[in-house]
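Below are the chains, spelled out letter by letter.
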Amino acid sequence: MGCVVRRGSLLPAASPGRPASRLPPACLPPASRLLPPACLRRLPPPPSPRQPMAGPCSALLQGEAATFTAALRTLVNNPQFSDVTFVVGREQQKVFAHRCVLACRCQAFRGMLSQGPVGSEDSPSSIPPQGPFILGNVQPEVFLAVIEFLYTNSVTLNSHIVLEVLTSSVEYGLQDLCKLCVKFIKDTLTVEQVCEALQAAVTYGQADLQQHCLAFIEGCTAAVVRTPGFHELSDRVLARVLRSDHLAVDELDLVQAVREWAHVSSAVLERPVPEVAALPVRELRLPLLAPSELVTLESHNQRDLLIPAESIAAAWRSHALRKGSGVPSHLCRPRRGTRPRDHHRHLDPHAK
């Protein structure tokens with residue numbers, strides 16, 4: 001008996017005189033044969049190749065910096081867990097520190113702490129010295145400021161120690177500490193301190209600080225030349241100041257200030273006045289002085305020979321010739337604070 005496929009059912013072929021009946025389940029054909037092609041269910045697409053898994057993500061996350069700094073600050077000069085000691089200043093004050101912190105933050109301390117004992121045959125790293133290390137030429141407050149910076153990357157400064165901290169920062173090669181000192185000096189500069197700051201700036205090659213100090217001096221020259229710091233300037237630094245066209249002081253007052261400086265330097269260095277003053281005196285603009293002022297200057301000069309005779313002669317010659325002939329042009333140029341004199345118009349190279 002054949003099978004006839006009808007929509008919705010499978011029925012055996014009807015025999016003549018016999019109704020059709022359902023087939024048992026075992027006789028059913030596969031389901032794919034029961035539906036016309038248009039009704040076939042669309043199969044899902046084949047799976048795509050597996051994408052490679054991304055690597056693990058990573059990131060550097062910063063915690064609260066203030067909390068970390070505060071924790072390290074508690075270790076500054078703390079004898080607990082300390083493994084190295086310094087004896088500092090004339091007071092021989094003990095300062096406690098931690099070798100690992102100093103060594104990782106400062107190359108100079110690393111070299112100091114890694115040297116083996118004198119006469120030891122062991123490698124420098126095998127027997128590190130325990131100290132105490134004697135630092136007699138630095139104030140305890142200054143050294144503690146350096147230690148504070150090494151531990152916390154910050155420093156507590158005041159006007160009494162900042163220049164010495166600047167000195168230590170240069171000696172220890174701590175550029176960031178040096179920048180902090182320079183910023184503090186510039187922000188708090190005073191008439192009393194500016195000459196000392198300028199001297200330090202020149203000594204340690206801080207060009208930006210030099211320019212800042214010179215601009216400050218130019219703004220209040222008359223007050224600056226009366227300070228003790230002015231008398232302590234080196235001849236090279238004083239000459240640098242005297243080259244400025246913007247000093248707010250008259251030339252006659254400047255000559256007197258240089259004379260006082262020369263006598264102080266002569267006493268300190270135990271050298272003759274003309275010798276210590278040779279470099280700065282070259283920058284005095286004597287042609288700016290009136291004839292009567294030159295007469296007084298010659299009289300004073302007989303006592304200490306501060307100014308070479310040829311310099312005074314050149315100033316007189318400029319008066320006689322009514323021009324700055326034979327004198328460097330910058331010595332005939334009035335400064336910002338120069339009081340006008342009648343003869344100045346003859347010193348102007350553009351005057352007719």
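This text goes with the structure placed above it.
Before going into details, it helps to say that this report is about the structure given with it. Model, not experiment: these values are computed from the prediction.

We now examine the overall build of the protein. If you tally the helices and strands in the protein, you get 17 helices and five strands. With 352 residues in all, the protein has 37% of them scored as buried. Contacts in the protein between residues at least 24 apart in sequence constitute 60% of all its contacts with a sequence separation of at least 6. Taken as a whole, the protein presents about 21,700 Å² of accessible surface, with 56% of it coming from carbon and sulfur.

Once that is clear, we can look at the pairing of strand S4 (residues 93-97). Examined bridge by bridge, strand S3 (residues 84-88) and S4 share five bridges and lie antiparallel to one another. From the neighbouring strand, Val87 faces S4, where its bridge partner is Lys94.

In contact at an axis separation of 11 Å, helix H6 (residues 175-188) and helix H8 (residues 207-219) are set at 5 degrees when each is read in the N-to-C sense. In terms of axis orientation, H6 runs roughly parallel to H8. Only Asp208, Leu209 and His212 of H8 make contact with H6, whose side of the interface consists of Val182, Ile185 and Lys186. Here the contact of H6 with H8 is composed, by residue class, of three nonpolar, one polar and two charged.

Turning our eyes to something else, we now look at the sheet that holds S4. Taken in spatial order, the three strands make up an open sheet running S4-S3-S5, and their pairing is mixed. Each edge of the open sheet is held by one strand with a lone partner, namely S4 and strand S5 (133-135). Averaged over all pairs of adjacent strands, the angle between strand axes in this sheet comes to 25 degrees, irrespective of strand direction. Alignment of S3 against S5, held across three bridges, turns out to be parallel. When the sheet's bridge partners are listed, Val88 is paired in S5 with Leu135.

Our next topic: the pairing of S3. When you tally the buried positions in S3, you get five out of five residues, the bulk of the element. Covered by surrounding structure in S3 are Val84, Phe86 and Val88 together with Thr85 and Val87, the residues of both alternating faces. Taken together, S3 and the strand that follows it, S4, pair antiparallel across an intervening segment of four residues, in which Gly89 is found at a positive phi of about 75 degrees.

What counts and how
Residues numbered from 1 in each chain as written. Predicted model: local features only at pLDDT ≥ 70, side-chain atom pairs only at ≥ 80, totals over all residues. Heavy atoms only, no water. Helix = DSSP H or I, 4+ residues; strand = E, 2+ residues; numbered from the N terminus. Buried < 20%, exposed > 50% of the residue type's maximum accessible area, 1.4 Å probe, protein only. Contact = heavy atoms within 4.5 Å. Areas by Shrake-Rupley, 256 points an atom, 1.4 Å probe, with all protein chains shown as cover. Pairing = 2+ DSSP bridges. Axes fitted to C-alpha atoms, helices over the stretch in contact; angles between N-to-C directions. Parallel < 35°, antiparallel > 145°, perpendicular 65-115°, else oblique. Nonpolar A, V, L, I, M, F, W, Y, C, P; charged D, E, K, R; others polar.

Any functional reading would require information that these geometric values do not contain.
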